[in-house]
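Residue strings, one per chain:
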Amino acid sequence: MKTDYFIVGAGFAGSVLAERIASQLNKKVLIAEKRNHIAGNAYDEYDEHGILVHRYGPHIFHTNSKEVFEYLSQFTEWIPYEHKVLAKLGNELYPIPINRITINKLYSLNLKTDEEVKEFYERVREKRFPITNSEDIIVNQVGYDLFNKFFRYYTKKQWNLEPKGLSASVCGRIPVRTNDDSRYFTDKYQFMPKDGYTKMFERMLNHKNIEVILNTDYKNILDSVKFDKMIYTGPIDYFFDFKFGKLPYRSIRFEFENISKKQFQETAQINYVDDSVKYTRVIEHKLLSQQNSDSTTISFEYPQKEGEQFYPIPTEENRSQYLLYKKEAEKLSDVFFCGRLAEYQYYNMDQVVANTLKLVGNLRNE
Ligand code: FAD
Ligand code: UDP
């Protein structure tokens, strides 16, 4: 087999790059994907009950980048969707991110203005300086009680680490609000692809210069492919045969269940923030795509060590180990490492798209 670009992985990084290289650089692309489908972790499909489900956890598209939004809009129409999450603590549900409603309900208060909530946080927060980990960043804003209730056990379940052991950027993904805005994200563009993510990827990859081979670990065909350049979007440690040891990635076991009623829970996502159950969150899929159906499909997320690699684990130690791999990667002038697994970064979809569009700009100048 002969190609100009050999791309490993058909997720966001691999597919966006393939589309740009094929359509803008007019080069031939071969993608090897080890799973039996395209779209990486954004993969969705209709289950046997006719409900569109996200097989690898809920994927909500949100971005402030006009460029990213306009780029993807070539391959999909959108449905406006603003994600709302409730945290289940004991028998009660509270808005998360923590906001005025959360505080009033939890402490039986009647704070009416942002100012009053700000004063409340001032009273309960514990100043931490410098902010070095995921405990510091939350306790510094809202104090130990709120941290303990909403972050400590969820984080322990998700990462099998105390928040103290994780980079501040992990819990720092979740803002703290003084108003009653109960949306999970506040980005300018918040949408779901109208026909789902997989359809969007199909359109992206439908180009005469692109060939996709599924069910294929790239190492199994590497010797038989002749190429000028390679783009690698898989786990970076695997590329280098684990020469500096295995990088830890976190996985999840998804348990799907169909229930014979119209709606199961109040909102598309409920986070179980105490340790009374082993799962972290329950997703009701039809609420993501606003689908109408008599039954509903939900999924429980059980984080685990083994399995498909979903999350890099942001700790100082893992970062140092990754940097050893990165140094090796930089020595290879014809291989580009791109995406969440290859760069060992806790990226959202839009960040991956933004980075890959930038990389295409560089490839153009090669
Ligand atoms: P991936 O999607 O992981 O693609 C890499 C591909 O490479 C995979 O398909 C893999 O099978 C393939 N591959 C790996 N090794 C090999 C090999 N040896 N040979 C061949 N192929 C290989 N982002 C958001 O913006 N919003 C969200 O709401 C959101 N929710 C998420 C929920 C969960 C549970 C998870 C895990 C992620 C979520 N994300 C979300 C993040 C999003 O999934 C990623 O940002 C995005 O998918 C990264 O794209 P990627 O191409 O870098 O990686
Ligand atoms: N988090 C938490 N409680 C919550 C929501 C989030 O402790 O109710 C922490 C947890 O460590 C989680 C991180 O914040 O892994 C990031 O949350 P996000 O919802 O962004 O996770 P993702 O959707 O990427 O799994």
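Coordinates for the structure precede this section.
Think of each chain on its own: its residues are numbered from 1, step by step along the sequence as written. Whichever chain is written first becomes A and whichever ligand is written first becomes 1, with later ones labelled in order. Under the rules for a predicted model, residues below a pLDDT of 70 receive no local features and side-chain atom pairs below 80 are neither given nor counted, while totals for whole chains, interfaces and linings still include all residues. To obtain the side-chain values, all non-hydrogen atoms of the structure were used and water was disregarded.

1. Quick word on the site of ligand 2
In step 1: Any residue with a heavy atom positioned within 4 Å of a molecule or strand is treated as near that molecule or strand. Around ligand 2, the structure places 17 residues, and the nearest of them are Thr155, Arg173, Tyr184, Tyr311 and Tyr346.
In step 2: The definition of a polar contact used here is a pair of N or O atoms within 3.5 Å, where within protein one atom must be able to donate a hydrogen and the other to accept one, and adjacent residues in sequence count solely through side-chain atom pairs. Take Arg173: an N or O atom from its side chain is 2.8 Å from an oxygen atom of ligand 2.
In step 3: Contact distances for ligand 2 include 3.0 Å between an oxygen atom and a side-chain N or O atom of Asn271.
In step 4: Within the residue set of the shell around ligand 2, elements represented by two or more residues are helix H5 (134–159) and helix H6 (168–171).
In step 5: When residue character is reported, Ala, Val, Leu, Ile, Met, Phe, Trp, Tyr, Cys and Pro are called nonpolar, Asp, Glu, Lys and Arg charged, and the others, Gly included, polar. When the residues that make up the shell around ligand 2 are grouped by side-chain class, the tally is 12 nonpolar, 3 polar and 2 charged. Only DSSP runs of H or I covering at least 4 residues are called helices, and only runs of E covering at least 2 are called strands; the numbering of each starts at the N terminus.

2. Some points on the nonpolar core
In step 1: The nonpolar core is taken to be a set of buried Ala, Val, Leu, Ile, Met, Phe, Trp, Tyr and Cys residues, with the residues joined through side-chain atoms within 4.5 Å. Accessibility here uses a 1.4 Å probe with only protein chains present; expressed as a share of the type maximum, an area under 20% marks a residue as buried, one over 50% as exposed, and anything in between as partly exposed. Core analysis: the biggest nonpolar cluster contains 107 residues, and Phe12, Leu72 and Phe150 have the highest contact counts within it.
In step 2: When residues in this core are grouped by element, the largest group, 9 residues, is from H5.
In step 3: Counting residues in each nonpolar core, the second largest holds 10 residues, with Leu93, Ile259, Tyr272 and Tyr279 among its members.

3. Some remarks on the sheet that holds strand E9 (residues 189–193)
In step 1: Taken in spatial order, the 3 strands of this open sheet run E5-E9-E6, and their pairing is antiparallel. Whereas interior strands pair on both sides, the edge strands pair on one side only; in this sheet they are strand E5 (61–63) and strand E6 (78–80). Recorded for the sheet is a direction-independent mean angle of 40 degrees between the axes of neighbouring strands.
In step 2: Strand pairing is assigned whenever DSSP detects at least two bridges linking the two strands. Where E5 and E9 come together, 3 bridges link them in antiparallel fashion. Bridging from a neighbouring strand, His62 pairs with Gln190 of E9. Note on geometry: axes are C-alpha line fits, over the in-contact stretch for helices, and angles between N-to-C directions span 0 to 180 degrees.

4. A word on the site of ligand 1
In step 1: Around ligand 1, a shell composed of 33 residues is seen, among which Glu33, His59, Ile60, Arg340 and Met349 lie nearest.
In step 2: Pro58 is positioned with one of its backbone polar atoms (N or O) 2.9 Å from a nitrogen atom of ligand 1.
In step 3: In this description, accessible areas are obtained by the Shrake-Rupley approach with a 1.4 Å probe, and a residue is regarded as covered only by the protein chains that are shown. Burial of ligand 1 by the protein amounts to 97% of the accessible area it has alone, namely 1,000 Å².
In step 4: Within the residue set of the shell around ligand 1, elements represented by two or more residues are helix H1 (12–24) and helix H11 (349–364).

5. Comments concerning helix H7 (residues 197–205)
Working note: α-helix, 3.6 residues per turn, so residues spaced by three or four point in the same direction.
In step 1: Burial in H7 covers these residues: Tyr197, Thr198, Met200, Phe201, Met204 and Leu205. Seen along its axis, H7 keeps its buried residues to an arc of 155 degrees; they face one direction. This arc is built from the directions going out from the helix axis to the C-beta atoms.

6. Thoughts on the sheet that holds strand E1 (residues 5–8)
In step 1: The strand order across the open sheet built from 5 strands is E10-E2-E1-E11-E17, with neighbouring strands paired in parallel fashion. Two strands bound the open sheet, and with one partner strand each, they are strand E10 (210–213) and strand E17 (335–337). With direction set aside, neighbouring strand axes in the sheet form an average angle of 15 degrees.
In step 2: Judged from the 4 bridges that link them, E1 and strand E11 (residues 229–232) form a sheet pairing that is parallel. Following the sheet pairing, Phe6 is matched in E11 by Met230.

7. Topic: the packing of helix H3 (residues 100–107) against H5
In step 1: Contact pair H3 / H5: the axes reach a minimum separation of 13 Å and the direction vectors enclose 100 degrees. Here H3 is positioned roughly perpendicular relative to H5, judged by the angle of their axes. Contacts between H3 and H5 involve Thr102, Ile103, Leu106 and Tyr107 from the first element and Asp145, Leu146, Lys149 and Phe150 from the second.
In step 2: Looking at the contact of H3 with H5, its residues break down into 5 nonpolar, 1 polar and 2 charged. Any angle between 65 and 115 degrees counts as roughly perpendicular, while under 35 counts as roughly parallel, over 145 as roughly antiparallel, and the rest as oblique. Any two residues whose heavy atoms approach within 4.5 Å are treated as being in contact.

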